[in-house]
Amino acid sequence: MNEQKGRWDDLRVVRAIADAGSLSGAGRQLGLSHATVFRRLNEIEARLGVRLFERMRGGYSPTPAGEDLAATAVRVADEVLEVERRLAGQDLQPAGSLRVTTTDTLLFGLLSPIFTAFRQAYPEIGLEVALSNNLFNLSRREADVAIRPAQAPPDTLVGRRIGVIAQAVYGRTELLEGESETHDLTSFSWIGPDEVMGYRPLEHWMERQGLQDSCRYRLDSLLAMTVAARDGAGLAVLPCYLGDGAPELRRLGAAIPELATDLWLLTHPDLRRVARIRAFMDFVAEAVRREAPRLDASNGSA
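Peer 1: Any chance you could explain the packing of helix α5 (residues 104-121) against helix α9 (residues 275-290) here in plain terms?
Peer 2: A pair of packed helices can be characterised by two numbers: the angle between their axes and the separation between those axes. Packing of α5 against α9 leaves a shortest axis separation of 10 Å and a crossing angle of 135°. Our classification of the angle between α5 and α9 gives oblique. Here α5 and α9 pass one another in a crossing that is right-handed. In this structure, α5 uses L110, L111, I114, F115, A117, F118 and A121 to contact α9, whose residues at the interface are R276, A279, F280, F283, V284, A287 and V288.

Encoded structure:
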(Lines give C-alpha, C1' and ligand atoms only; values in the text may rest on other atoms or scores of the structure.)
Protein backbone atom coordinates (compact mmCIF):
# COMPACT_ATOMS: atom_id res chain seq x y z
CA MET A 1 0.00 0.00 0.00
CA ASN A 2 2.82 2.42 0.89
CA GLU A 3 4.54 1.68 -2.43
CA GLN A 4 1.32 2.35 -4.34
CA LYS A 5 0.82 5.60 -2.45
CA GLY A 6 4.39 6.55 -3.27
CA ARG A 7 3.78 6.00 -6.99
CA TRP A 8 0.66 8.19 -6.89
CA ASP A 9 2.56 10.91 -5.01
CA ASP A 10 5.26 10.74 -7.70
CA LEU A 11 2.65 11.41 -10.37
CA ARG A 12 1.35 14.38 -8.41
CA VAL A 13 4.84 15.84 -8.14
CA VAL A 14 5.53 15.47 -11.86
CA ARG A 15 2.17 16.95 -12.79
CA ALA A 16 2.63 19.92 -10.45
CA ILE A 17 6.06 20.75 -11.90
CA ALA A 18 4.72 20.45 -15.45
CA ASP A 19 1.74 22.71 -14.64
CA ALA A 20 3.73 25.34 -12.73
CA GLY A 21 6.91 25.26 -14.80
CA SER A 22 8.99 25.69 -11.65
CA LEU A 23 9.83 23.91 -8.41
CA SER A 24 8.62 26.77 -6.25
CA GLY A 25 5.26 26.89 -8.07
CA ALA A 26 4.89 23.12 -7.76
CA GLY A 27 5.73 23.38 -4.07
CA ARG A 28 2.93 25.91 -3.54
CA GLN A 29 0.44 23.58 -5.23
CA LEU A 30 1.56 20.58 -3.18
CA GLY A 31 2.20 22.33 0.11
CA LEU A 32 5.89 21.33 0.00
CA SER A 33 9.13 23.26 0.17
CA HIS A 34 11.25 24.00 -2.91
CA ALA A 35 13.97 21.69 -1.54
CA THR A 36 11.53 18.82 -1.00
CA VAL A 37 10.19 19.05 -4.54
CA PHE A 38 13.76 19.14 -5.89
CA ARG A 39 14.69 16.04 -3.89
CA ARG A 40 11.53 14.18 -4.93
CA LEU A 41 12.13 14.93 -8.61
CA ASN A 42 15.71 13.65 -8.41
CA GLU A 43 14.51 10.45 -6.70
CA ILE A 44 11.83 9.86 -9.35
CA GLU A 45 14.24 10.41 -12.24
CA ALA A 46 16.84 8.14 -10.61
CA ARG A 47 14.34 5.33 -10.09
CA LEU A 48 12.95 5.57 -13.63
CA GLY A 49 16.37 6.10 -15.20
CA VAL A 50 15.14 8.93 -17.41
CA ARG A 51 15.26 12.71 -17.33
CA LEU A 52 11.73 14.14 -16.96
CA PHE A 53 12.50 17.88 -17.14
CA GLU A 54 15.06 20.11 -18.79
CA ARG A 55 16.39 22.71 -16.36
CA MET A 56 16.04 25.97 -18.29
CA ARG A 57 16.88 29.53 -17.28
CA GLY A 58 13.16 30.36 -17.21
CA GLY A 59 12.09 27.25 -15.32
CA TYR A 60 11.50 23.53 -15.84
CA SER A 61 10.38 22.27 -19.25
CA PRO A 62 9.15 18.64 -19.53
CA THR A 63 10.99 16.23 -21.79
CA PRO A 64 8.90 13.83 -23.91
CA ALA A 65 9.08 11.36 -21.01
CA GLY A 66 7.98 14.10 -18.61
CA GLU A 67 5.06 15.05 -20.84
CA ASP A 68 4.00 11.40 -20.99
CA LEU A 69 4.12 11.00 -17.20
CA ALA A 70 2.36 14.33 -16.57
CA ALA A 71 -0.44 13.32 -18.99
CA THR A 72 -0.76 10.02 -17.14
CA ALA A 73 -1.05 11.94 -13.85
CA VAL A 74 -3.91 14.02 -15.27
CA ARG A 75 -5.70 10.90 -16.49
CA VAL A 76 -5.29 9.07 -13.18
CA ALA A 77 -6.49 12.12 -11.21
CA ASP A 78 -9.59 12.39 -13.41
CA GLU A 79 -10.35 8.69 -12.92
CA VAL A 80 -9.94 8.97 -9.13
CA LEU A 81 -12.30 11.97 -9.05
CA GLU A 82 -14.84 10.11 -11.18
CA VAL A 83 -14.79 7.18 -8.78
CA GLU A 84 -15.17 9.55 -5.80
CA ARG A 85 -18.18 11.18 -7.41
CA ARG A 86 -19.79 7.81 -8.15
CA LEU A 87 -19.24 6.64 -4.60
CA ALA A 88 -20.53 9.93 -3.22
CA GLY A 89 -23.68 9.37 -5.27
CA GLN A 90 -24.40 6.25 -3.20
CA ASP A 91 -24.73 8.39 -0.05
CA LEU A 92 -28.26 7.96 1.29
CA GLN A 93 -28.21 10.04 4.48
CA PRO A 94 -28.08 13.85 4.67
CA ALA A 95 -24.82 13.95 6.61
CA GLY A 96 -21.18 14.78 6.00
CA SER A 97 -19.44 17.87 4.65
CA LEU A 98 -20.69 20.13 1.87
CA ARG A 99 -18.60 22.79 0.12
CA VAL A 100 -20.47 25.66 -1.53
CA THR A 101 -19.10 28.45 -3.69
CA THR A 102 -20.91 31.77 -4.12
CA THR A 103 -20.13 35.50 -4.28
CA ASP A 104 -19.53 37.83 -1.35
CA THR A 105 -22.48 39.95 -2.51
CA LEU A 106 -24.92 37.06 -2.45
CA LEU A 107 -23.71 35.84 0.93
CA PHE A 108 -23.97 39.28 2.51
CA GLY A 109 -27.25 40.35 0.96
CA LEU A 110 -29.22 37.12 0.62
CA LEU A 111 -27.72 33.77 1.54
CA SER A 112 -26.22 34.09 5.02
CA PRO A 113 -29.53 33.72 6.93
CA ILE A 114 -30.55 30.91 4.55
CA PHE A 115 -27.34 29.05 5.27
CA THR A 116 -27.87 29.51 9.00
CA ALA A 117 -31.40 28.12 8.73
CA PHE A 118 -30.09 25.16 6.75
CA ARG A 119 -27.48 24.39 9.41
CA GLN A 120 -30.22 24.41 12.04
CA ALA A 121 -32.41 22.11 9.94
CA TYR A 122 -29.54 19.71 9.09
CA PRO A 123 -27.04 19.75 11.98
CA GLU A 124 -25.32 16.60 10.68
CA ILE A 125 -24.17 18.42 7.54
CA GLY A 126 -21.01 20.50 7.86
CA LEU A 127 -21.14 23.54 5.59
CA GLU A 128 -18.03 25.11 4.02
CA VAL A 129 -18.49 28.30 1.99
CA ALA A 130 -15.89 29.62 -0.49
CA LEU A 131 -16.42 33.20 -1.69
CA SER A 132 -15.24 33.98 -5.19
CA ASN A 133 -16.42 35.74 -8.34
CA ASN A 134 -14.98 32.84 -10.34
CA LEU A 135 -16.86 29.61 -10.92
CA PHE A 136 -14.93 26.86 -9.12
CA ASN A 137 -14.28 23.64 -11.01
CA LEU A 138 -17.06 21.39 -9.73
CA SER A 139 -15.77 18.53 -11.87
CA ARG A 140 -12.57 18.52 -9.80
CA ARG A 141 -14.49 18.77 -6.51
CA GLU A 142 -13.21 22.27 -5.69
CA ALA A 143 -16.81 22.74 -4.58
CA ASP A 144 -19.93 20.57 -4.48
CA VAL A 145 -22.52 23.28 -5.19
CA ALA A 146 -22.32 26.71 -6.84
CA ILE A 147 -24.80 29.55 -6.30
CA ARG A 148 -24.14 32.46 -8.60
CA PRO A 149 -25.59 34.79 -11.20
CA ALA A 150 -25.10 33.78 -14.84
CA GLN A 151 -26.76 34.24 -18.20
CA ALA A 152 -25.94 30.65 -19.15
CA PRO A 153 -24.32 28.11 -16.78
CA PRO A 154 -21.64 25.68 -18.03
CA ASP A 155 -22.95 22.68 -19.96
CA THR A 156 -21.00 20.36 -17.64
CA LEU A 157 -23.18 21.28 -14.64
CA VAL A 158 -26.80 20.60 -13.74
CA GLY A 159 -29.20 22.50 -11.54
CA ARG A 160 -31.95 25.03 -11.70
CA ARG A 161 -32.63 28.71 -12.09
CA ILE A 162 -33.90 29.87 -8.72
CA GLY A 163 -34.52 33.56 -9.33
CA VAL A 164 -33.89 36.71 -11.32
CA ILE A 165 -31.71 39.46 -9.87
CA ALA A 166 -32.91 42.95 -10.75
CA GLN A 167 -30.50 45.90 -10.70
CA ALA A 168 -31.04 49.65 -10.50
CA VAL A 169 -29.24 52.94 -9.87
CA TYR A 170 -28.66 53.84 -6.20
CA GLY A 171 -27.12 56.71 -4.33
CA ARG A 172 -26.95 58.00 -0.78
CA THR A 173 -30.28 59.60 0.15
CA GLU A 174 -28.79 63.05 0.79
CA LEU A 175 -27.09 62.94 -2.61
CA LEU A 176 -30.40 62.38 -4.39
CA GLU A 177 -32.44 64.95 -2.49
CA GLY A 178 -34.90 66.56 -4.91
CA GLU A 179 -34.07 64.24 -7.81
CA SER A 180 -36.93 62.76 -9.88
CA GLU A 181 -37.50 60.57 -12.91
CA THR A 182 -36.13 63.36 -15.13
CA HIS A 183 -32.71 63.16 -13.52
CA ASP A 184 -29.53 63.76 -15.54
CA LEU A 185 -27.28 60.81 -14.75
CA THR A 186 -24.19 62.52 -16.17
CA SER A 187 -24.41 65.27 -13.55
CA PHE A 188 -23.33 62.85 -10.78
CA SER A 189 -20.07 61.20 -9.85
CA TRP A 190 -20.21 57.46 -10.53
CA ILE A 191 -18.89 54.26 -9.00
CA GLY A 192 -18.20 51.42 -11.43
CA PRO A 193 -16.59 48.00 -11.86
CA ASP A 194 -12.87 47.73 -12.57
CA GLU A 195 -11.31 45.55 -15.26
CA VAL A 196 -10.55 42.73 -12.82
CA MET A 197 -14.23 42.39 -11.99
CA GLY A 198 -14.97 41.83 -15.68
CA TYR A 199 -18.59 43.01 -15.48
CA ARG A 200 -19.06 43.67 -19.19
CA PRO A 201 -22.87 44.18 -19.27
CA LEU A 202 -22.64 46.98 -16.70
CA GLU A 203 -19.64 48.54 -18.44
CA HIS A 204 -21.53 48.55 -21.74
CA TRP A 205 -24.63 50.07 -20.11
CA MET A 206 -22.54 52.86 -18.57
CA GLU A 207 -20.93 53.52 -21.96
CA ARG A 208 -24.35 53.79 -23.63
CA GLN A 209 -25.45 56.25 -20.93
CA GLY A 210 -22.30 58.35 -21.45
CA LEU A 211 -21.16 57.80 -17.87
CA GLN A 212 -17.59 56.61 -18.34
CA ASP A 213 -16.10 60.11 -17.98
CA SER A 214 -18.10 60.58 -14.77
CA CYS A 215 -16.76 57.34 -13.26
CA ARG A 216 -13.62 58.04 -11.27
CA TYR A 217 -14.06 55.35 -8.61
CA ARG A 218 -13.82 51.70 -9.64
CA LEU A 219 -13.96 48.61 -7.45
CA ASP A 220 -13.66 44.86 -7.99
CA SER A 221 -16.89 43.64 -6.35
CA LEU A 222 -20.53 44.66 -6.12
CA LEU A 223 -20.32 44.52 -2.34
CA ALA A 224 -17.49 47.07 -2.39
CA MET A 225 -19.49 49.27 -4.78
CA THR A 226 -22.45 49.10 -2.38
CA VAL A 227 -20.31 50.26 0.53
CA ALA A 228 -18.92 53.13 -1.56
CA ALA A 229 -22.41 54.25 -2.62
CA ARG A 230 -23.62 53.99 0.96
CA ASP A 231 -20.76 56.29 2.02
CA GLY A 232 -21.77 58.91 -0.54
CA ALA A 233 -18.98 58.39 -3.10
CA GLY A 234 -21.41 58.60 -6.02
CA LEU A 235 -24.11 56.69 -7.86
CA ALA A 236 -23.79 53.00 -8.64
CA VAL A 237 -25.79 50.25 -10.31
CA LEU A 238 -26.46 47.64 -7.62
CA PRO A 239 -28.55 44.50 -7.16
CA CYS A 240 -31.92 45.58 -5.76
CA TYR A 241 -31.70 43.10 -2.88
CA LEU A 242 -28.63 45.02 -1.68
CA GLY A 243 -29.64 48.57 -2.55
CA ASP A 244 -33.21 48.35 -1.25
CA GLY A 245 -31.94 46.81 1.97
CA ALA A 246 -29.53 49.65 2.78
CA PRO A 247 -31.32 52.43 4.72
CA GLU A 248 -28.71 54.99 3.62
CA LEU A 249 -29.46 54.39 -0.07
CA ARG A 250 -32.27 55.52 -2.33
CA ARG A 251 -33.15 54.01 -5.68
CA LEU A 252 -33.17 56.38 -8.64
CA GLY A 253 -35.61 55.16 -11.26
CA ALA A 254 -36.86 51.69 -12.08
CA ALA A 255 -34.80 48.53 -12.42
CA ILE A 256 -32.69 48.28 -15.59
CA PRO A 257 -34.17 45.48 -17.74
CA GLU A 258 -31.01 44.68 -19.71
CA LEU A 259 -29.04 44.10 -16.52
CA ALA A 260 -31.43 41.55 -15.00
CA THR A 261 -29.46 38.36 -14.31
CA ASP A 262 -30.56 34.78 -13.64
CA LEU A 263 -29.54 33.22 -10.34
CA TRP A 264 -28.46 29.57 -10.66
CA LEU A 265 -28.04 26.70 -8.21
CA LEU A 266 -25.62 24.19 -9.75
CA THR A 267 -23.80 20.92 -9.04
CA HIS A 268 -22.00 18.17 -10.93
CA PRO A 269 -24.27 15.52 -12.54
CA ASP A 270 -22.63 12.74 -10.52
CA LEU A 271 -23.48 14.50 -7.23
CA ARG A 272 -27.10 15.51 -7.73
CA ARG A 273 -28.46 12.35 -6.03
CA VAL A 274 -26.23 12.67 -2.95
CA ALA A 275 -28.58 13.09 0.00
CA ARG A 276 -26.84 16.08 1.59
CA ILE A 277 -26.52 17.89 -1.75
CA ARG A 278 -30.10 17.17 -2.70
CA ALA A 279 -31.28 18.39 0.71
CA PHE A 280 -29.20 21.56 0.43
CA MET A 281 -30.33 22.40 -3.10
CA ASP A 282 -34.01 21.85 -2.29
CA PHE A 283 -33.74 23.92 0.89
CA VAL A 284 -31.94 26.83 -0.79
CA ALA A 285 -34.21 26.84 -3.85
CA GLU A 286 -37.32 27.09 -1.68
CA ALA A 287 -35.81 29.76 0.57
CA VAL A 288 -34.71 31.90 -2.38
CA ARG A 289 -38.12 31.57 -4.00
CA ARG A 290 -39.61 33.12 -0.87
CA GLU A 291 -37.21 36.05 -1.36
CA ALA A 292 -38.30 36.59 -4.99
CA PRO A 293 -39.84 40.03 -4.33
CA ARG A 294 -36.50 41.28 -2.98
CA LEU A 295 -34.53 39.85 -5.91
CA ASP A 296 -36.74 40.90 -8.80
CA ALA A 297 -37.75 44.28 -7.37
CA SER A 298 -38.48 45.67 -10.79
CA ASN A 299 -41.34 48.02 -9.94
CA GLY A 300 -39.74 50.28 -7.36
CA SER A 301 -38.56 53.78 -8.23
CA ALA A 302 -37.36 57.00 -6.69
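Peer 1: Honestly, the sheet that holds strand β12 (residues 261-267) in this entry has me stumped. Any pointers?
Peer 2: Consider a sheet: its strands pair through backbone hydrogen bonds, and that pairing is either parallel or antiparallel. Taken in spatial order, the five strands line up as β4-β3-β5-β12-β6 in an open sheet, and their pairing is mixed. Only two strands of the sheet have a single partner each, and these edge strands are β4 (125-131) and β6 (158-165). When strand polarity is set aside, the average angle formed by the axes of neighbouring strands in this sheet is 20°. Where strand β5 (residues 145-149) and β12 come together, five bridges link them in antiparallel fashion. Note on β12: the bridge partner recorded for R148 is W264. Packed onto the sheet, α5 meets β3 (96-102), β4, β5, β6 and β12 and runs at close to 175° relative to β4. Contacts between α9 and the sheet are confined to β3, β4, β5, β6 and β12, with β6 contributing the most and set at about 20° to the helix.

Peer 1: Explain the nonpolar core to me, please; I cannot follow it from the model alone.
Peer 2: Taken as a class, soluble globular proteins show a tendency for nonpolar side chains to be buried jointly. Core analysis: the largest hydrophobic core is formed by 33 residues, its most contacted members being V169, W190, L202, W205, M225, L235 and V237. When residues of this core are traced back to their parent elements, those giving at least two are β7 (167-172), β8 (190-193), α6 (200-208), β9 (215-219), α7 (222-230), β10 (236-239) and β11 (249-252). Discounting residues that sit within four places of it in the chain, W190 has contacts with V169, L185, W205, M206, L211, S214, C215, R216, Y217, L235, A236 and V237. L106, Y241, F280 and M281 belong to the second-largest nonpolar core, a separate cluster that totals 27 residues.

Peer 1: What is the right way to look at the pattern of salt bridges in this model?
Peer 2: A side chain of one charge can pair with a side chain of the opposite charge if their charged atoms are brought near each other. With the rule as written, the count across this model stands at 17 salt bridges. For E174, the salt bridge goes to R172, with nearest N and O atoms at 3.3 Å. A residue is classified by how much of its surface remains accessible, and E174, at 53% relative accessible area, is exposed. With a shortest N-O distance of 3.7 Å, R290 and E286 are connected by a salt bridge. Of this pair, R290 and E286 are both found in helix α9, four residues apart, which corresponds to roughly one turn of the helix. The exposure class assigned to E286 is partly exposed, which follows from its relative accessible area of 36%. By sharing partners, the salt bridges in this structure join D10, R40 and R47 into a single network.

The rules behind each value
Residues numbered from 1 in each chain as written. Predicted model: local features only at pLDDT ≥ 70, side-chain atom pairs only at ≥ 80, totals over all residues. Heavy atoms only, no water. Axes fitted to C-alpha atoms, helices over the stretch in contact; angles between N-to-C directions. Helix = DSSP H or I, 4+ residues; strand = E, 2+ residues; numbered from the N terminus. Parallel < 35°, antiparallel > 145°, perpendicular 65-115°, else oblique. Left-handed = near helix turned anticlockwise from the far one by under 90°. Contact = heavy atoms within 4.5 Å. Pairing = 2+ DSSP bridges. Core = buried A, V, L, I, M, F, W, Y, C linked by side-chain atoms within 4.5 Å. Buried < 20%, exposed > 50% of the residue type's maximum accessible area, 1.4 Å probe, protein only. Salt bridge = Lys/Arg side-chain N within 4 Å of Asp/Glu carboxyl O.

Just geometry here; none of it tells us what the structure is for.
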